[in-house]
Amino acid sequence: LEEVLHAELSARLAMAMGGAVALEVDLDRLVRPPHGEAPLLRAAEVIVRTCCVGEALTLPLLKATRQRSDVAVVQVVMDAIARDESAHAQLGTWFLDWAAEALTDPDRAALGHVAGQAVRGFAPLFRGACASGGALGVLDCASYDRVFRRAMRTRVVAPLARRGIVIDARDLDFVMSAAT
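Residues numbered from 1 in each chain as written. Predicted model: local features only at pLDDT ≥ 70, side-chain atom pairs only at ≥ 80, totals over all residues. Heavy atoms only, no water.

## Looking at the overall build of the protein chain
Per the secondary structure count, the protein chain includes 6 helices and 0 strands. Across the protein chain, helices and strands are ordered from the amino to the carboxyl terminus as α-α-α-α-α-α. Scored against the burial criterion, the 180 residues of the protein chain give a buried share of 39%. Across the protein chain, the fraction of contacts at a sequence separation of at least 24, relative to all contacts at a separation of at least 6, is 78%. Summed over all atoms, the accessible surface of the protein chain reaches about 10500 Å², with 59% contributed by carbon and sulfur. (Helix = DSSP H or I, 4+ residues; strand = E, 2+ residues; numbered from the N terminus. Buried < 20%, exposed > 50% of the residue type's maximum accessible area, 1.4 Å probe, protein only. Contact = heavy atoms within 4.5 Å. Areas by Shrake-Rupley, 256 points an atom, 1.4 Å probe, with all protein chains shown as cover.)

Given below as structure tokens:
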């Protein structure tokens, strides 16, 4: 529900700034279903994909956007979303720590693959035109890439590796080479 609220806040902010457009969402494809056999592994797949990768990467970008903006409404919206995303990102490592003894080495390898695929999903963000920085909180491409690369190393790769979940270097290279 918080993610729906975030989408609503973002849409209203876009409308207030004069830039809202219609968006069609295929709810059946919104979240990839897990593939693991055991319920714990299936839950871990969803947690790794959404919390340990998605939310962990989103939070530093939200904070950087908030710091860049000098528009009060943008700051309020970014603060609200960042508060929620912080809890979502923490949930991932809490879950993995809780489940640590039950996860096998093959489970961890499978979760590394899940994380790698989630990381690859960020590559399209680096293809196409760059935005110019501005007071609304838009990060210029160099700033965005710098924050993203640091977040990938410190908030995704390192915490997962400490828990025995390794992302294939090819997956990391795929997205990191796009973020230049």
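## Topic: the state of the cysteines
Considering all chains together, one arrives at 0 disulfides under this definition. No disulfide involves Cys51; its nearest neighbouring cysteine sulfur is the one of Cys52, lying 6.4 Å away. Cys51 gets classed as buried once you look at its relative accessible area, which sits at 7%. Exposure remark for Cys52: the relative accessible area of 5% places this residue in the buried category. (Disulfide = S-S within 2.5 Å.)

## Things to note about the nonpolar core
Counting 34 residues, the largest nonpolar core has Leu96, Met152 and Val156 as its most contacted members. Dropping the residues within four chain positions of it, Val156 is found in contact with Cys52, Val53, Ala56, Leu57, Val119, Ala151 and Ile167. Within the second largest apolar cluster, 7 residues are counted, among which are Leu62, Val74, Val77 and Ala82. (Core = buried A, V, L, I, M, F, W, Y, C linked by side-chain atoms within 4.5 Å.)

## Quick look at helix α2 (residues 39-68)
A rise of 1.5 Å per residue sets the reference length of α2, with its 30 residues, at 44 Å; its end C-alpha atoms lie 42 Å apart and thus fit the reference within 8%. Along α2, the helix axis deviates most sharply at Glu55, where the bend reaches about 35 degrees. (Expected span 1.5 Å × (residues − 1). Bend = angle between axes of the 7 residues up to and from the residue.)

## Some thoughts on the pattern of salt bridges
Once the charged atoms of two side chains with opposite charge are near each other, the side chains can pair. For the structure on display, the rule yields 4 salt bridges. For Asp97, the salt bridge goes to Arg163, with nearest N and O atoms at 2.7 Å. In this pair, Asp97 sits in helix α3 (residues 72-99) while Arg163 sits in the loop between α5 (141-162) and α6 (169-176), placing the two residues 66 residues apart along the sequence. Residue classification places Asp97 among the partly exposed residues on the basis of a relative accessible area of 44%. Notably, a salt bridge pairs Arg120 with Asp171, separated by 2.4 Å at the nearest N-O pair. In this pair, Arg120 is assigned in helix α4 (residues 105-120) and Asp171 in helix α6, connecting sequence segments 51 residues apart. (Salt bridge = Lys/Arg side-chain N within 4 Å of Asp/Glu carboxyl O.)

## Things to note about the packing of aromatic side chains
A complete count under the given rule lists 2 aromatic pairs for this structure. With centroids separated by 5.6 Å and ring planes inclined at 45 degrees, the aromatic side chains of Phe95 and Trp98 adopt a geometry described as tilted. Of this pair, Phe95 and Trp98 are both found in helix α3, 3 residues apart, which corresponds to roughly one turn of the helix. Residue classification places Phe95 among the buried residues on the basis of a relative accessible area of 14%. Taking the relative accessible area as the measure of exposure, Trp98 reaches 65% and is therefore exposed. For the pair Phe122 and Phe148, a centre-to-centre distance of 5.8 Å together with 45 degrees between the ring planes defines the contact as tilted. With Phe122 in the loop between α4 and α5 and Phe148 in helix α5, this residue pair connects regions lying 26 residues apart in the sequence. Comparing Phe122 with Phe148, the two get one shared label, buried. Over the aromatic face of Phe174 sits the side chain of Arg120, whose NZ or CZ is 4.3 Å from the ring centroid. (Phe/Tyr/Trp six-rings, centres within 6.5 Å; stacked < 30°, edge-to-face > 60°. Lys NZ or Arg CZ within 6 Å of the ring centre and 35° of its normal.)

## Examining the packing of α4 against α6
How two helices sit against one another is set out by the angle between their axes and by the gap between those axes. Packing of α4 against α6 leaves a shortest axis separation of 8 Å and a crossing angle of 10 degrees. As the angle between them shows, α4 and α6 are arranged roughly parallel. Touching Gly116, Gln117, Val119 and Arg120 of α4 are Arg170, Asp171, Leu172, Phe174 and Val175, all from α6. (Axes fitted to C-alpha atoms, helices over the stretch in contact; angles between N-to-C directions. Parallel < 35°, antiparallel > 145°, perpendicular 65-115°, else oblique.)

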